Protein chains: 2
Amino acid sequence: MLERIRIVLIGTSHPGNIGGTARAMHNMGLADLALVAPRCEPLTADTVSRASGADALVHQACTVASLEEAVSDCTLVVGASARSRTLPWPMITPRALGERLPEELAAPASRVALVFGREDSGLTNAELQRCHAHVHIPTNPDFSSLNLAAAVQVLAYECRLAWLDRQASGEATDDDGDGQPLASHDELEHYFAHLEHTLVAIGFHDPATPRQLMARLRRFTLRARPERMELNILRGILSATERQAERGDDG
Amino acid sequence: MLERIRIVLIGTSHPGNIGGTARAMHNMGLADLALVAPRCEPLTADTVSRASGADALVHQACTVASLEEAVSDCTLVVGASARSRTLPWPMITPRALGERLPEELAAPASRVALVFGREDSGLTNAELQRCHAHVHIPTNPDFSSLNLAAAVQVLAYECRLAWLDRQASGEATDDDGDGQPLASHDELEHYFAHLEHTLVAIGFHDPATPRQLMARLRRFTLRARPERMELNILRGILSATERQAERGDDG
């Protein structure tokens, strides 16, 4: 699915942003980059530095003169926009975009383009109107202009989440793997009995005036859902404490 | 809510990443930045250029020597991590983190820290073990290292979405009432120091052969999110234990 999502940058001015875009894409598993009429040399030292190992995406990028050429084979074109301008357009959130992707890309020939405009002026109205929908990344209204690579990062992240969700729901009743066995109810009750006994031995607890002490310690401990091994450690501590208490009483 | 989320950068090497972080934060409505032992001059021409108008956040940032100082007043500390290492720790997704924030920040005194490590090596195990949970941004396993500012961008974006969701869902009257104040990071660290001291005193723990004992106890305790009052009880138990140990030694 991810290999059929294209990132399209129009009229980019800073090679560093092309490098940062490549890194963000590769991090999220995207690979298809198209540059439309870049206003800078796409591949400079700055590009390579910001790409941090992902500059192969820039080498492989196709550079074209117009948005039409960049998205000609795409079945869905979504433009990143601060806000729909003159003419209201279907607006979707990045999350809704992600949720739409598995269906949009269900057919093997389908292809989605995410289109990003110039650093200084975004997409023109003509370009926005070539999009099926506009996606708006929510921002602070007092400081709304995202860095280009950061905007790509957010949308690429939503693409990856959508893909991971699909993987998860498709297969794998996920087997959360590294989980240690939790303590059983029995083991917990033995622990609480041991704890109370120790607290009495060290003179901290008087069952005649309990003041909810054991209840509080229970609530705290149960909230942590202790693993069996953790309970063993705690019981080891109680035993060591009791030995000290006995030595104290003998002394 | 957003004003009580702190971004903590540890040992940053590149001023440009500090600038990029400030821009990402300001775009998403975050303002509280802490720099722990930066390995570069934080405020350079590069910072200002990448901040693109958000450099006020760097001017206002507090710079401290240790993670402890940066998060001492925080009630939830979450570390950005590629993967839990030696000892598995509670892992959450960026989305789950966002979903947790409104509740975590319901009490006016609560404060959340999101902690990011060095560009080259991330967070140390010791730093990761000071966190309640780790957050992992899903990435391409073949190219998993995100740019620092890009990682901040993704988590800050999830913070903003969570905040917008809460606004939309009618301002959240949920003041969940019976909530006791949670222990702060400082209080927890004093407790862990006290615990370790006591375990040594009763002969249960030898710092020379730690065998992850303190790490396991930290993980267990942090998972329970102790209230201040619970921590007071636990410290009371430690003090009583130490008195016994002293009596034992005298005897």
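These figures come from a predicted structure and were not determined experimentally.

**Student:** Mind showing me how you'd approach the overall build of chain A here?
**Tutor:** A tally of helices and strands in chain A yields 10 helices and seven strands. Its C-alpha radius of gyration of 29 Å places chain A more than 25% over the 18 Å reference for a compact globule of 251 residues. Counting across all 251 residues of chain A, residues that qualify as buried make up 49%. Sequence-distant contacts, at least 24 apart, represent 84% of the contacts inside chain A between residues at least 6 apart. With an accessible surface of roughly 11800 Å², chain A has 52% of that area assigned to carbon and sulfur atoms.

**Student:** For this particular structure, what's the right way to read the packing of aromatic side chains?
**Tutor:** Given two aromatic rings, one states the distance between the centres and the angle between the planes to describe the pair. Residues and elements named next belong to chain B. Considering all chains together, one arrives at four aromatic pairs over all chains under this definition. Each ring, one from Tyr-191 and one from Phe-192, has its centre 5.6 Å from the other, and the planes form 55°; the classification is tilted. In terms of burial, Tyr-191 and Phe-192 fall into one category: buried.

**Student:** Is there a simple way to think about the packing of helix α8 (residues 185–201) of chain B against helix α9 (residues 213–223) of chain B in this case?
**Tutor:** Helix-helix packing: each pair is described by the crossing angle between the helix axes and the interaxial distance. Residue and element names in this part refer to chain B. It is the contact of α8 with α9, at a shortest axis distance of 11 Å, that shows an interaxial angle of 140°. As judged from the angle between their axes, α8 and α9 are oblique. Along this stretch, α8 crosses α9, giving a crossing that reads as right-handed. For the pair formed by α8 and α9, the contact residues are Leu-188, Glu-189, Tyr-191, Phe-192, Leu-195, Glu-196 and Leu-199 on the first element and Leu-213, Met-214, Leu-217, Arg-218, Thr-221 and Leu-222 on the second. In terms of residue class, the contact of α8 with α9 is made up of nine nonpolar, one polar and three charged.

**Student:** Before we go on, may I ask you to explain the sheet that holds strand β2 (residues 32–36) of chain B in this structure?
**Tutor:** By definition, the strands of a sheet pair up through backbone hydrogen bonds, in either a parallel or an antiparallel sense. Residues and elements named next belong to chain B. With respect to topology, seven strands assemble into an open sheet ordered β3-β2-β1-β6-β4-β7-β5, the strand pairing being parallel. Strands with a single pairing partner mark the edges of an open sheet, and in this sheet they are β3 (62–64) and β5 (91–92). In the sheet, β2 pairs with β3 via three bridges, with the strands oriented parallel. When the sheet's bridge partners are listed, Ala-34 is paired in β3 with Cys-62.

**Student:** Sorry, what's going on with the interface of chain A and chain B here?
**Tutor:** In this complex, chain A contributes 60 residues to the contact, which on the side of chain B involves 60 residues. A buried area of about 5100 Å², summed over both sides, lies between chain A and chain B, and 62% of it is on carbon and sulfur atoms. Summed over the three residues of chain A that lose the most area to chain B, namely Phe143(A), Tyr157(A) and Phe220(A), the buried surface amounts to 13% of that side. In this structure, the salt-bridge partner of Glu230(A) is Arg223(B), at a minimum N-O distance of 2.7 Å. Our enumeration of links across chain A and chain B arrives at 22 residue pairs in polar contact (both at pLDDT 80 or more). Where the side of chain A that touches chain B is concerned, the elements lending two or more residues are α1 (15–28), α2 (45–51), α5 (94–104), α7 (148–170), α8 (185–201), α9 (213–223) and α10 (228–250) of chain A. Looking at which element gives the most residues to the side of chain A that touches chain B, the answer is α10(A), with 13 residues. Taken together, the residues that form the side of chain A that touches chain B break down as 29 nonpolar, 17 polar and 14 charged.

**Student:** In this structure, what is going on with the domain arrangement of chain A? I would like to understand it.
**Tutor:** Where interface size is quoted, it is often the accessible area lost as the parts come together. Entries for chain A in the domain assignment read domain 1 (2–170) and domain 2 (185–250). For domain 1 of chain A and domain 2 of chain A, the distance between their C-alpha centroids amounts to 57 Å.

**Student:** How should unusual backbone geometry be read in this particular structure?
**Tutor:** Negative phi values dominate among residues other than glycine, just as trans dominates among peptide bonds. Residues and elements named next belong to chain B. In this structure, Ala-37 is a non-glycine residue whose phi angle is positive, near 40°. By secondary structure assignment, the location of Ala-37 is in the loop between β2 and α2 (45–51). Phi is positive for Gln-212, close to 60°, though the residue is something other than glycine. Its location among the elements puts Gln-212 in the loop between α8 and α9.

**Student:** Sorry if this is basic, but what is going on with the nonpolar core here?
**Tutor:** One recurring pattern in soluble globular proteins is that nonpolar side chains are buried together. Core analysis: the largest hydrophobic core is formed by 87 residues, its most contacted members being Leu114(A), Leu114(B) and Phe116(B). Counting 42 residues, the second-largest nonpolar core is a separate cluster that includes Leu213(A), Tyr191(B), Phe220(B) and Ala224(B).

**Student:** Looking at this model, I keep getting lost on α1(A). Mind explaining?
**Tutor:** Residues and elements named next belong to chain A. Taking 1.5 Å per residue, 14 residues should reach 20 Å; α1 reaches 20 Å between its end C-alpha atoms and fits that length. Most of α1 is tucked away, with 13 of its 14 residues classed as buried. Just past α1, the residue Gly-29 takes up positive phi, approximately 90°.

**Student:** Teacher, can you tell me more about the sheet that holds strand β4 (residues 76–80) of chain A here?
**Tutor:** Residue and element names in this part refer to chain A. On the basis of which strands lie adjacent, the open sheet formed by seven strands has the order β3-β2-β1-β6-β4-β7-β5 and parallel pairing. At either end of the open sheet lies a strand with only one pairing partner, and these are β3 (62–64) and β5 (91–92). Sheet topology note: the β4/strand β7 (residues 133–135) ladder contains three bridges and is parallel. Note on β7: the bridge partner recorded for Val-78 is Ala-133.

Definitions and cut-offs
Residues numbered from 1 in each chain as written. Chains lettered and ligands numbered in written order. Predicted model: local features only at pLDDT ≥ 70, side-chain atom pairs only at ≥ 80, totals over all residues. Heavy atoms only, no water. Helix = DSSP H or I, 4+ residues; strand = E, 2+ residues; numbered from the N terminus. Rg over C-alpha atoms; globule rule 2.2 N^0.38 Å. Buried < 20%, exposed > 50% of the residue type's maximum accessible area, 1.4 Å probe, protein only. Contact = heavy atoms within 4.5 Å. Areas by Shrake-Rupley, 256 points an atom, 1.4 Å probe, with all protein chains shown as cover. Phe/Tyr/Trp six-rings, centres within 6.5 Å; stacked < 30°, edge-to-face > 60°. Axes fitted to C-alpha atoms, helices over the stretch in contact; angles between N-to-C directions. Parallel < 35°, antiparallel > 145°, perpendicular 65-115°, else oblique. Left-handed = near helix turned anticlockwise from the far one by under 90°. Nonpolar A, V, L, I, M, F, W, Y, C, P; charged D, E, K, R; others polar. Pairing = 2+ DSSP bridges. Buried area = accessible area lost by both parts, 1.4 Å probe. Salt bridge = Lys/Arg side-chain N within 4 Å of Asp/Glu carboxyl O. Polar contact = N/O pair within 3.5 Å; in protein donor to acceptor, adjacent residues only side chain to side chain. Domains from an automatic or database assignment. Core = buried A, V, L, I, M, F, W, Y, C linked by side-chain atoms within 4.5 Å. Expected span 1.5 Å × (residues − 1).

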